[in-house]
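Examination of the molecular architecture
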Amino acid sequence: MIEFVTDANRGAYEAFVMSHPYGHFMQSCLWGKVKDNWIWEGILVKSPEGEIRGAMSVLIRRLPVVPWTIMYAGRAPVCDPHDRETLRELVEGAKKLAKRYRSYELKMDPDVLSSDTEFADLMRELGFRVSEDSKNFEGVQPRYVFRIDMQGRDEEALMASFGQKTRYNIRLAVRKGVTVRICGKEMVPDFARIMQETGIRDGFITRDASYFAKMLDALGEHARLYMAFYEDKPVAGTLAIWYGDKVWYLYGASSNESRNVMPNYLLQWEMIRWAIEQGSRIYDFRGVSGDISEDNPLYGLYRFKKGFNGDFCEFVGELNLVLNRPVYFLLENGQHVYRKLRKLRYIRRNQAAAAEKAPEKETKEEA
């Protein structure tokens, strides 16, 4: 039995997603408030007795100029990944929404490991194409992550499990006087500034301060902004999310200055300690590259996260269900080109802005 989420059953939907082993913050009603520039819809599948067997939320984005929309179900579905009937009903619910909103595609990236070939085969039977060729960050969500299994492990056991260099760098940050604080929205401008600095350095697009502030407002107790200070200056920051039995390291930023005092290591340790406090089953470091060769420019990120001795996990990949084939082929190629041009413009604009500020900074220092 398929139901759509309304005010009457919203609480039951949220409770199910939060308590389920495959629950994810991107499937929560709260995440819909963060993504308020999309339309949020929720789907429930119930047994004949009224017991919830599965849930899925979709974000629906209206495209400019054209009358069609795209549907995205981040880290869906929330159900037993081998329950064929529940999966089928969730997809049927999404198709009903697609007709209502004129969606030409449903995209999802399940929180299911690639080793689960049974799930992948079921989704193919339901009409999805499974994209398995992503090695870096081509998808909406990362396909490869590091995760720590937190079950039955306290601070002492976790610290002992880290690599020797990681333990050393955490303790070095403390010795050097780095402090980490849980901050409110008053520190969001500093976090966004350092985030932009990181994006320019590493070549990726960053969010503006208003997005991070909205996230803290919408997620409430489920989100924390951690800031690292050195000599009373903010030098790094992270944004973490706790939901259900997991804590995720969602965003991280570090200044070009004071990186030698290792603030990022201490920030990770404080977020892991939060996961311990919450009794979490998993601490998720989020994305790394699937290409772990040392000559990969992203290898440094892999090496940093690997030092915490998590499990290197590969998800099943991005799933696409084409609902209107002519429109899909017309618009999908255009979006790929648009995204590449947008990223290139962003990086060049901010690199130019940083270059203009550099002489001004030097003059102030000389004065």
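Above this text is the structure in question.
Our subject in this report is the structure included herewith. Model, not experiment: these values are computed from the prediction.

Next up on the list: the overall build of the protein chain. Per the secondary structure count, the protein chain includes 11 helices and 15 strands. In the protein chain, buried positions account for 51% of the 367 residues. Sequence-distant contacts in the protein chain: of pairs separated by 6 or more residues, those separated by 24 or more amount to 74%.

Before going further, it helps to examine the packing of helix H6 (residues 164-175) against helix H9 (residues 263-277). Between H6 and H9, the least distance of the axes is 8 Å, while the angle of their chain directions is 100 degrees. Put simply, H6 runs roughly perpendicular to H9. Between H6 and H9, the residues in contact are Thr166, Asn169, Ile170, Ala173 and Val174 and Tyr265, Leu266 and Trp269, respectively. When the residues that make up the contact of H6 with H9 are grouped by side-chain class, the tally is 6 nonpolar, 2 polar and no charged.

Relative to the elements of secondary structure, Arg167 occurs in helix H6. Arg167 gets classed as partly exposed once you look at its relative accessible area, which sits at 22%. Remark: the alpha-carbon pair of Arg167 and Tyr265, spanning 98 residues in sequence, is separated by 8.6 Å. Leaving out residues up to four positions away in the same chain, Arg167 has contacts with Met159, Ala160 and Phe162.

Let's shift gears to the sheet that holds strand E8 (residues 144-149). In space, the 7 strands of this open sheet follow the order E9-E10-E11-E12-E13-E8-E14, with mixed pairing throughout. A single partner strand is all that each edge strand has here, and the edge strands are strand E9 (179-183) and strand E14 (311-314). The mean inter-strand angle of the sheet, taken between neighbouring strand axes irrespective of direction, is 30 degrees. Along the sheet, helix H7 (residues 188-202) makes contact with strand E10 (223-230), strand E11 (233-243) and strand E12 (246-254), crossing E12 at roughly 75 degrees. In this fold helix H8 (residues 209-219) packs onto E10, E11 and E12, with an angle of close to 130 degrees to the strand it touches most, E10.

Within the secondary structure layout, Asp311 lies in strand E14. For Asp311, a relative accessible area of 44% puts it in the partly exposed group. The sequence separation of Asp311 and Arg147 amounts to 164 residues, and the corresponding C-alpha distance is 5.1 Å. Not counting chain neighbours up to four residues away, the residues in contact with Asp311 comprise Val145, Phe146, Arg147 and Asp149.

Time to look at helix H10 (residues 299-306). Along H10, the residues classified as buried are Tyr299, Tyr302, Phe304 and Lys305. Buried residues belonging to H10 abut E8, E12, H9, strand E13 (282-288) and E14.

Tallied over the entire structure, the rule returns 21 salt bridges. Of the charged contacts in the structure, one is a salt bridge between Lys107 and Glu318, with a shortest N-O distance of 3.6 Å. On the criterion of sequence distance, the pair formed by Lys107 in strand E6 (residues 103-108) and Glu318 in strand E15 (residues 318-322) is long-range, its members being 211 residues apart. For Lys107, a relative accessible area of 10% corresponds to the buried category. By relative accessible area, Glu318 is classed as buried at 17%.

Parameters at a glance
- Residues numbered from 1 in each chain as written.
- Predicted model: local features only at pLDDT ≥ 70, side-chain atom pairs only at ≥ 80, totals over all residues.
- Heavy atoms only, no water.
- Helix = DSSP H or I, 4+ residues; strand = E, 2+ residues; numbered from the N terminus.
- Buried < 20%, exposed > 50% of the residue type's maximum accessible area, 1.4 Å probe, protein only.
- Contact = heavy atoms within 4.5 Å.
- Axes fitted to C-alpha atoms, helices over the stretch in contact; angles between N-to-C directions.
- Parallel < 35°, antiparallel > 145°, perpendicular 65-115°, else oblique.
- Nonpolar A, V, L, I, M, F, W, Y, C, P; charged D, E, K, R; others polar.
- Pairing = 2+ DSSP bridges.
- Salt bridge = Lys/Arg side-chain N within 4 Å of Asp/Glu carboxyl O.

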